[in-house]
Amino acid sequence: DPILPQLVLEAPEDILCFKFNPTDPNIVAAGCINGQVVMWDISAHESRLKNHKSNGARANKTRSDIFDVEYQRSPIVHYAGVSSIESSHKMAIMDLHWLPDTLEVARLGVPVENKTATSCQLMTSGVDGNVMFWDIRMQKSSTGPAPGFGSLPGKKEKEQSGDNFSSIPSTFAHLDLQWKPINVVPLSKLTGPGLHPGVTISISQEVKNAKGKMQTLLKGNPPLIHRSNSSTGRQRPTEAEGVNTKFFAGTEDGFLIYTDWKAEKDPESGKLVSSKPVYAISSHAGPIHCLLRSPFYNYIIMSVGGWSLSIWREGESEILQTSRSPVKFTAACWSLTRPGVFFIGRDDGNIDVWDLMDRSHEPSMSQNISSSAITSLVPYRVSAKQVLLGVGDDFGTLHILEVPWSLRQPSPNEVANMASYFDRECSRIDYYKDREANRPSKGAGPSEPAIPMALETDEEEEERLKKSFNSYLTMEKDFLVKLGLRRDDDPVALVH
């Protein structure tokens, strides 16, 4: 039903980002404008969402039912838990990511194996300059909800008043108003004090652990939260080997930061402190809205912000940067079927389609979608013969587009050709850096006494400019004679 929502998730504050849990889609996490993290459990409405048919749902309804207010009212799902405001971000949360179901982050950022094969942790990025890690399970130190916090505010009043609010699940009662981050990573500046205001983050999805492949979830098991809430049932954590703990962060002031969430030892005090960024590059003239990893090459990252986009290789400098666009870029996404294709949403409502197999200096085509700014782009692969692109605009309208065959069907060996292209660009950049490093500086030769230059008088300067201009006129005539546009005996109007 494109008009009436199936569920309405009620939040304590305005929501700026949200994500479904990748292993339990009934769990939803979101970041609020005041810096708090809020959780929902929609498992009670799972059957409603699965069995809903946009055409058949109303087939058995009479006309009076269709226009009935109670029938049209969507169920309101109250949030099941919210983080402690004292321990949350001090400013708005701009991005949120669930950690992979093979990885957990312990205290001080140590990566450990996730033996439950379920996503139980998430990380958030806020404008206050901090990246926080959260665990949705009950901690060992938690003894249950504090007095007055066990039931969410207004629950009894809403139930007694008979309003159409769904019952509040107790899934996250142990978190409500007591939830604190397990690790905080500041986005420190390389020079001077202060933090970079975070907007978006990107972590590596290549997680290698001792178990190898992830175990599949068995049918009939209890839901994620009910299986992993108890701290007594957890096994002793084993530190994961070969895990890349470094991640990218895009900031509000256009910096791309590459840093480590794992704490390092301070050489002076010997204490474990937050890691300093590996590098922080001012790459965009405006906030970085998107940091997206290629679905084909996990080491390739695209950053979009301001009036330009850049493509980076993890651990190295950027390998592609576009020229300044006349319109701001506001959204982006990679193609799911072609490694050299990506889509860029613009502030004027257009979408630029880039095909690096065709050209790399400009988009291959541009399509107008809306009269307002594009705010989000999400691709979806229906089948091998159909790929859809969901487009959201600033008016709150959702547009569903079908990607044409030419942008959906990869060319022969396109994956290998694009990998070779990225390798060549990295080699070219390395060669340029080596040449610059080995080039002798201007003052490296033997020192010679500088000869003072005498200042020209006005007459001497005028004479020098006349000679230079007359030489240009003579050269111009010779060039036009060779082209057959002038005769050799044509006079030249020299300046005297």
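1. Structural notes on unusual backbone geometry
Thinking step 1. The phi torsion at Leu108 lies on the positive side, around 65 degrees, for a residue other than glycine.
Thinking step 2. Within the element layout of this structure, Leu108 appears in the loop between β8 (103-105) and β9 (111-113).
Thinking step 3. One non-glycine residue, Asn413, lies in positive phi territory at about 60 degrees.
Thinking step 4. Among the secondary structure elements, Asn413 is positioned in the loop between α6 (405-408) and α7 (414-438).
Thinking step 5. Looking at Asn413, the relative accessible area reads 58%, which means it is exposed.

2. As for the environment of Leu473
Thinking step 1. Counting through the fold element by element, Leu473 comes out in helix α8 (residues 458-482).
Thinking step 2. Along the sequence, Leu473 and Val492 sit 19 residues apart, while their C-alpha atoms lie 7.1 Å from each other.
Thinking step 3. Apart from the residues lying within four places of it in its own chain, the contact partners of Leu473 are Val492, Ala493 and Leu494.

3. Quick word on the pattern of salt bridges
Thinking step 1. Summed over the entire model, instances satisfying the criterion amount to 15 salt bridges.
Thinking step 2. A salt bridge links Arg359 to Asp358, with the nearest nitrogen and oxygen atoms 3.0 Å apart.
Thinking step 3. Arg359 sits in the partly exposed class, given a relative accessible area of 28%.
Thinking step 4. Exposure remark for Asp358: the relative accessible area of 44% places this residue in the partly exposed category.
Thinking step 5. Between Glu425 and Arg428 there is a salt bridge, with the nearest N and O atoms lying 2.8 Å from each other. Of this pair, Glu425 and Arg428 both sit in helix α7, separated by three residues, roughly a single helical turn.
Thinking step 6. Look at Glu425 and you get buried, because its relative accessible area is 17%.
Thinking step 7. Arg428 sits in the partly exposed class, given a relative accessible area of 47%.
Thinking step 8. Each of Glu104, Asp135 and Arg137 takes part in a single network of salt bridges with overlapping partners.

4. Points about the packing of aromatic side chains
Thinking step 1. Within the structure shown, the criterion is met by 13 aromatic pairs.
Thinking step 2. Note on Phe133 and Trp261: the rings are 5.5 Å apart at their centroids and 65 degrees apart in plane angle, and the pair reads as edge-to-face. Of the two residues, Phe133 is situated in strand β11 (residues 130-135) and Trp261 in the loop between β15 (255-260) and β16 (264-265); the sequence distance between them amounts to 128 residues.
Thinking step 3. Among the aromatic residues, ring-to-ring pairing joins Phe296, Tyr297, Tyr299, Tyr421 and Phe422 into one connected group.

5. Describing the confidence of the model for the protein chain
Thinking step 1. The predicted model of the protein chain has a mean per-residue pLDDT of 81, with 80% of residues at 70 or higher.
Thinking step 2. When pLDDT is averaged over each element of the protein chain, strand β24 (residues 341-346) comes out on top at 96 and helix α4 (residues 155-161) at the bottom at 43.
Thinking step 3. In the predicted structure, residues 54-66 sits below a pLDDT of 50 and forms 12 contacts with residues beyond four places in sequence or in another chain.
Thinking step 4. For the stretch residues 142-166, pLDDT sits under 50, and the model shows 31 contacts to residues farther than four places along the chain or on other chains.

6. Let's talk about α7
Thinking step 1. For α7, spanning 25 residues, the distance from its first C-alpha to its last is 36 Å, which sits close to the expected 36 Å at 1.5 Å a residue.
Thinking step 2. Among the residues of α7, those classed as buried are Glu414, Met418, Ala419, Tyr421, Phe422, Glu425, Cys426 and Ile429.
Thinking step 3. Residues of α7 that are buried in the fold lie against β20 (300-305), β21 (308-313) and β22 (318-321).

7. Examining the pairing of strand β23 (residues 329-334)
Thinking step 1. The buried fraction of β23 is high, at six of six residues.
Thinking step 2. Across five bridges, the pairing between β23 and β24 is antiparallel. Bridging across to β24, Ala331 finds its partner in Gly345.
Thinking step 3. Following β23, the chain reverses through six residues before pairing antiparallel with β24.

8. Some thoughts on the sheet that holds β24
Thinking step 1. A sheet is described by the order of its strands in space; here four strands give the open sequence β23-β24-β25-β26, paired in antiparallel fashion. Among the strands making up the open sheet, the edge pair consists of β23 and β26 (365-368). Adjacent strand axes in the sheet meet at a mean angle of 20 degrees, parallel and antiparallel pairs treated alike.

9. Structural notes on the sheet that holds strand β27 (residues 374-383)
Thinking step 1. If you walk across this open sheet you meet the three strands as β27-β28-β29, and the pairing is antiparallel. One side of each edge strand has no neighbouring strand; the edge strands of this open sheet are β27 and β29 (398-402). Taken over all neighbouring pairs, the strand axes of this sheet differ in orientation by 20 degrees on average, direction set aside.

10. So, the nonpolar core
Thinking step 1. Membership of the largest hydrophobic core comes to 22 residues, with the highest contact counts inside it found for Met302, Leu309, Ile311, Phe342, Ile344 and Phe422.
Thinking step 2. Considering each element in turn, this core owes the most residues, six residues, to α7.
Thinking step 3. If we skip the residues at most four places from it in the chain, Met302 touches Cys290, Leu291, Leu292, Leu309, Ser310, Ile311, Ala332, Cys333, Trp334, Phe342 and Ile344.
Thinking step 4. Listed in part, the 18 residues of the second largest apolar core include Leu187, Ile201, Phe247 and Trp261.

11. Things to note about the pairing of strand β4 (residues 37-41)
One face of the sheet, then the other: side chains in a regular strand alternate in exactly this way.
Thinking step 1. The buried fraction of β4 is high, at five of five residues.
Thinking step 2. Here β4 shows two buried faces, one formed by Val37, Met39 and Asp41 and the other by Val38 and Trp40.
Thinking step 3. Where strand β3 (residues 27-32) folds back onto β4 in an antiparallel hairpin, the turn is made up of four residues, including Gly35, whose phi is positive at roughly 100 degrees.
Thinking step 4. Pairing analysis gives two bridges linking β4 to strand β6 (residues 81-82), with the strands arranged antiparallel. Bridge pairing in β6 places Val38 opposite Val82.

Analysis parameters
- Residues numbered from 1 in each chain as written.
- Predicted model: local features only at pLDDT ≥ 70, side-chain atom pairs only at ≥ 80, totals over all residues.
- Heavy atoms only, no water.
- Helix = DSSP H or I, 4+ residues; strand = E, 2+ residues; numbered from the N terminus.
- Buried < 20%, exposed > 50% of the residue type's maximum accessible area, 1.4 Å probe, protein only.
- Contact = heavy atoms within 4.5 Å.
- Salt bridge = Lys/Arg side-chain N within 4 Å of Asp/Glu carboxyl O.
- Phe/Tyr/Trp six-rings, centres within 6.5 Å; stacked < 30°, edge-to-face > 60°.
- pLDDT = per-residue confidence, 0-100.
- Expected span 1.5 Å × (residues − 1).
- Pairing = 2+ DSSP bridges.
- Axes fitted to C-alpha atoms, helices over the stretch in contact; angles between N-to-C directions.
- Core = buried A, V, L, I, M, F, W, Y, C linked by side-chain atoms within 4.5 Å.

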